[in-house]
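Residue-level structural notes
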Amino acid sequence: MYISGVKSGVKVSRLGLAVPANVLALGTVSLVTDVSSEMVTAVLPFYLVLSLGLSPLAFGLVDGLYFGVTAVLRLAGAHLADRLRRRKLVAGLGYALSAACRLALPAAGGSAALIGAVVAADRTGKGLRTAPRDALISLSADPGRLGQAFGVHRAMDTAGAFLGPLVAFAVLGASGAYDAVFAVSFAVALLGVLVFVLYVRDRREAAPPPATIRPAWALLGDARFRRLCLAACGLGLVTVSDAFVYLLLQRNTGLASEHLPLLPLGTAAVYVLLAVPLGRLADRVGRGTVFVLGHLALVAVYGALAASGPYWLVLPLLGLFYAATDGVIMAAAGPLLPAGSRTSGLALLQTGQALARMLSSILYGAAWAAFGHVPGLVAMGVGVMACLSLWKVVR
């Protein structure tokens, strides 16, 4: 395989970053796929709340599906990928399923139940692909440069997240119809599937595959990995979803509805700029230190929203949070797991996070409906600070 004239293995950029070609290929797929998914993500909260009139609690239930439903097949898919040593195949099925869901959204019409079912199917696709993809990244890079490798991938992934709302804004502005956004999103998702099939290479290690799904749970016997999972789940439970952050910004600033799809751009821009530098910093100074920095930025987001300003800090701080945590925790987990069960181990960690964030969306939606958004934000912020007492486990 060749990327920019460099044979499969390692590409060295002008900045001197040694990046495996498979990581770049996976990053390209994620970039294109995120353009598609973020087109939908950028408009869906406002479509559901402003157009369909869902309450904060009802929206919290739908939003929780974005996280929780991935747990349904995540572990089984990861085990299958390890068992067959076909991580590319399982990830490809996930990408294809999510692409098909783009066409199903317009067919759901105004039914919240049908939209929830489509969201569940889309998140199932994401659950299938995420752990095999991250395992391929982990197995394609040197252990001492995993932070950098994941940083490069997450930067490319988030570049797609940056472009997606722009495309959605342009399509919505030209057509005035949400259905047009969904149709264009489907076409872009198909392009991502094609790039994945043509350019991503599987990695098949010599280690024996697991015979049953039990080895995934057995990985929790490692104290370091177990503490890492507990910390990730605890912090996920007190992480307010992006959708709620954007809804609160719109509510507090009175931003015009046609500009709402642009809100994720501030988050994505900072994420793209900081993902690689913070990944390299994590490799040098310790992944736990960078991980804590990211969650302190999240607490600052809650503070700005609860205190009614300064709102201009919210999106950059949210981008800093993701740049310092998303790839870093995967880089921390990879070396703790045996190669033959790495997909299953990463899936176990991601499943815990997904379930925690599902509960977080439901609980915050209920708190907002019952007490108002400020008490909920204060409770979440206190929870983050309490969980950070476990920060050393991510080293």
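Procedures and definitions
Residues numbered from 1 in each chain as written. Predicted model: local features only at pLDDT ≥ 70, side-chain atom pairs only at ≥ 80, totals over all residues. Heavy atoms only, no water. Helix = DSSP H or I, 4+ residues; strand = E, 2+ residues; numbered from the N terminus. Buried < 20%, exposed > 50% of the residue type's maximum accessible area, 1.4 Å probe, protein only. Contact = heavy atoms within 4.5 Å. Areas by Shrake-Rupley, 256 points an atom, 1.4 Å probe, with all protein chains shown as cover. Phe/Tyr/Trp six-rings, centres within 6.5 Å; stacked < 30°, edge-to-face > 60°. Salt bridge = Lys/Arg side-chain N within 4 Å of Asp/Glu carboxyl O. Core = buried A, V, L, I, M, F, W, Y, C linked by side-chain atoms within 4.5 Å. Expected span 1.5 Å × (residues − 1). Axes fitted to C-alpha atoms, helices over the stretch in contact; angles between N-to-C directions. Parallel < 35°, antiparallel > 145°, perpendicular 65-115°, else oblique. Left-handed = near helix turned anticlockwise from the far one by under 90°. Nonpolar A, V, L, I, M, F, W, Y, C, P; charged D, E, K, R; others polar. Patch = residues over 30% accessible without salt bridge, like charges linked within 9 Å, V, L, I, M, F, W, Y side chains within 5 Å. Disulfide = S-S within 2.5 Å. pLDDT = per-residue confidence, 0-100.

1. Observations concerning the overall build of the chain
From N to C terminus, the chain includes 15 helices and 4 strands. Looking at the chain as a whole, 56% of its 395 residues are labelled buried. Pairs at least 24 apart in sequence give 83% of the contacts found in the chain among residues at least 6 apart. Carbon and sulfur atoms make up 68% of the accessible area of the chain, which amounts to about 15,100 Å² in all.

2. Focus on the packing of aromatic side chains
A ring pair, where both rings are aromatic, is described by two values, the distance of the centres and the angle of the planes. The full count for this structure, using the stated rule, is 6 aromatic pairs. Their ring planes at 45° and their centres at 5.2 Å tell us that Tyr-95 and Phe-196 sit as a pair that is tilted. Here Tyr-95, found in helix 4 (residues 87-107), pairs with Phe-196, found in helix 7 (residues 178-199); they are 101 residues apart in sequence, far enough to count as distant. Neither Tyr-95 nor Phe-196 differs from the other in exposure class; each is buried. By way of ring pairs, the aromatic residues Phe-244, Tyr-364 and Trp-368 are connected into one cluster.

3. Considerations on the side chain of Asp-34
Relative to the elements of secondary structure, Asp-34 occurs in helix 1 (residues 21-51). The contacts of Asp-34, once residues within four sequence positions are left out, are Met-39, Asp-157, Gly-160 and Ala-161.

4. Some thoughts on the environment of Ala-183
Along the chain, Ala-183 turns up in helix 7. Since its relative accessible area comes to 39%, Ala-183 is described here as partly exposed. Ala-183 sits 78 residues away from Leu-105 along the chain, and the two C-alpha atoms are 9.1 Å apart.

5. Looking at the pattern of salt bridges
Enumeration according to the criterion identifies 6 salt bridges in this entry. Notably, a salt bridge pairs Asp-134 with Arg-133, separated by 3.1 Å at the nearest N-O pair. Take Arg-133: its relative accessible area is 6%, and that puts it in the buried class. Two residues, Asp-134 and Arg-154, come together in a salt bridge whose shortest N-O distance is 3.2 Å. Here Asp-134, found in helix 5 (residues 112-140), pairs with Arg-154, found in helix 6 (residues 146-175); they are 20 residues apart in sequence, far enough to count as distant. Counted as one network, the salt bridges with shared partners bring together Arg-133, Asp-134, Arg-154 and Asp-326.

6. Some words on the side chain of Thr-158
Within the secondary structure, Thr-158 sits in helix 6. Discounting chain neighbours no more than four positions away, the residues touching Thr-158 are Ala-268, Tyr-271 and Val-272.

7. With respect to the environment of Leu-248
Here Leu-248 is to be found in helix 10 (residues 242-253). In this structure Leu-248 touches Leu-305, Tyr-364, Trp-368, His-373 and Leu-377, once residues within four positions along its chain are discounted.

8. Digging into the nonpolar core
Judged by nonpolar contacts, the single largest core of 83 residues is most densely connected at Phe-225, Val-240, Tyr-302, Leu-305, Leu-318, Leu-349 and Tyr-364. Of the residues forming this core, the biggest block, 14 residues, is contributed by helix 13 (residues 314-333). Residues contacting Leu-305, with those up to four places away along its chain left out, are Val-245, Leu-248, Leu-249, Asn-252, Tyr-311, Val-314, His-373 and Leu-377. Membership of the second largest hydrophobic core comes to 18 residues, among which are Val-43, Cys-101, Leu-105 and Ala-168.

9. Comments concerning helix 14 (residues 342-371)
A rise of 1.5 Å per residue sets the reference length of helix 14, with its 30 residues, at 44 Å; its end C-alpha atoms lie 43 Å apart and thus fit the reference within 8%. Here helix 14 lies mainly inside the structure; 21 of its 30 residues are buried. Looking one or two residues beyond helix 14, the residue adopting positive phi is Gly-372, at roughly 105°.

10. Some points on the packing of helix 9 (residues 223-237) against helix 13
The interhelical angle for the contact between helix 9 and helix 13, taken along N-to-C directions, is 160°, at an axis separation of 11 Å. The pairing of helix 9 with helix 13 is recorded here as roughly antiparallel in orientation. The element helix 9 and its partner helix 13 pack so that their crossing is left-handed. Along the contact surface, helix 9 presents Phe-225, Leu-228 and Ala-232, while helix 13 presents Ile-329, Ala-332 and Ala-333. Grouping the constituent residues of the contact of helix 9 with helix 13 by class yields 6 nonpolar, no polar and no charged.

11. Brief notes about a nonpolar patch on the surface
Together, Leu-191, Leu-194, Val-197, Leu-198 and Tyr-199 line one region of the surface with nonpolar side chains, adding up to about 470 Å² of accessible area. Residue position: Leu-194 is located in helix 7.

12. Topic: helix 12 (residues 287-306)
An ideal rise of 1.5 Å per residue puts 28 Å on 20 residues; helix 12 measures up with 29 Å between its terminal C-alpha atoms. Count one or two residues on from helix 12 and you reach Ser-308, which has phi positive near 60°.

13. With respect to the state of the cysteines
A complete count under the given rule lists 0 disulfides for this structure. Here Cys-229 stays free of any disulfide, with the sulfur of Cys-233 as its closest cysteine sulfur at 6.4 Å. Judged by its relative accessible area of 8%, Cys-229 falls in the buried class.

14. Section: the environment of Gly-376
Looking at the element boundaries, Gly-376 is found in helix 15 (residues 373-387). You can call Gly-376 buried: its relative accessible area is 8%.

15. Points about the confidence of the model for the chain
Taken residue by residue, the chain gives an average pLDDT of 80. The fraction at 70 or more is 82%. Of all the helices and strands in the chain, strand 1 (residues 2-3) carries the lowest mean pLDDT, 31, while helix 12 carries the highest, 91.

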